[in-house]
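Residue-level structure breakdown
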Amino acid sequence: MRKFLLVAVLASATAGCGILYKQPIYQGNLLEKTAVDQLQVGQSKQQVQSLLGSPSIADPFHADRWDYTASNRTNRRGTTEIKNLTLVFNGDTLASWEGEYFPEADLQLSRDVRKFGPNLAKEKKKGGRR
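Anyway, here's the lowdown on the structure attached to this text. (Residues numbered from 1 in each chain as written. Predicted model: local features only at pLDDT ≥ 70, side-chain atom pairs only at ≥ 80, totals over all residues. Heavy atoms only, no water.)

This part covers the overall build of the protein. Broken down by element type, the protein carries four helices and five strands. Across the protein, the fraction of contacts at a sequence separation of at least 24, relative to all contacts at a separation of at least 6, is 49%. Total accessible area computed for the protein in this model is approximately 9800 Å², and 55% of it derives from carbon and sulfur atoms. (Helix = DSSP H or I, 4+ residues; strand = E, 2+ residues; numbered from the N terminus. Contact = heavy atoms within 4.5 Å. Areas by Shrake-Rupley, 256 points an atom, 1.4 Å probe, with all protein chains shown as cover.)

The next subject is the pattern of salt bridges. Applying the stated criterion across every chain, the model contains four salt bridges. Notably, a salt bridge pairs K33 with D37, separated by 3.1 Å at the nearest N-O pair. Separated by four residues within a single helix, K33 and D37 lie in helix α2 (residues 33–37), roughly one turn from each other. The exposure class of D37 is exposed, given its relative accessible area of 51%. For E81, the salt bridge goes to K83, with nearest N and O atoms at 3.7 Å. Of the residues examined, K83 reaches a relative accessible area of 15% and is grouped as buried. (Salt bridge = Lys/Arg side-chain N within 4 Å of Asp/Glu carboxyl O. Buried < 20%, exposed > 50% of the residue type's maximum accessible area, 1.4 Å probe, protein only.)

Turning to the packing of aromatic side chains, a few remarks are in order. Enumeration according to the criterion identifies one aromatic pair in this entry. Above the face of the F89 ring, K45 is positioned so that its terminal group lies 5.5 Å from the ring centre. (Phe/Tyr/Trp six-rings, centres within 6.5 Å; stacked < 30°, edge-to-face > 60°. Lys NZ or Arg CZ within 6 Å of the ring centre and 35° of its normal.)

Quick look at the nonpolar core now. One finds L31, V36, L39, V48, L52, Y68 and L87 to be the most contacted residues of the largest nonpolar core, which totals 13 residues. Breaking this core down by element, the ones donating at least two residues are α2, α3 (45–52), β3 (65–73) and β4 (80–90). Per element, the largest residue contribution to this core is three residues, and it comes from β4. Other than its neighbours up to four places away in sequence, L52 contacts L31, A35, V36, L39, Y68 and L87. (Core = buried A, V, L, I, M, F, W, Y, C linked by side-chain atoms within 4.5 Å.)

Within the secondary structure, N29 sits in the loop between β1 (25–28) and α2. Each C-alpha atom, one on N29 and one on S71, is 8.5 Å from the other, the two residues being 42 residues apart in sequence. Not counting residues within four places of it along the chain, the set of residues in contact with N29 comprises S54, P55, S56, Y68, T69 and A70. A distance of 3.1 Å separates polar atoms of two side chains, one belonging to N29 and the other to S56. (Polar contact = N/O pair within 3.5 Å; in protein donor to acceptor, adjacent residues only side chain to side chain.)

See below:
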């Protein structure tokens, strides 16, 4: 009986505090590798925006610089990895880019969204019909 009580106390103590598992959290612009590979010097801002989407940081003091920032928290301690891809424009045309992004994350996230996303939309529709 003592062993059972000890196991029950330990299980209840660690159940809700996130010691056993913390879900990875991605935030910001998660860029697809194929889209970044299509960047070319001389592209217009509109072409770049159609490839990568809107920049996450729009700096009013540097209109010729776009930053695509993303963060990823994966482990139990809450360590966060931040990556930034910076694009520099000369007027309306792309002049250069540098930095890093999460190229592997987009495929897994798109699979997760397909797995969970449509079900959530169906549940909302079901809830509205009642």
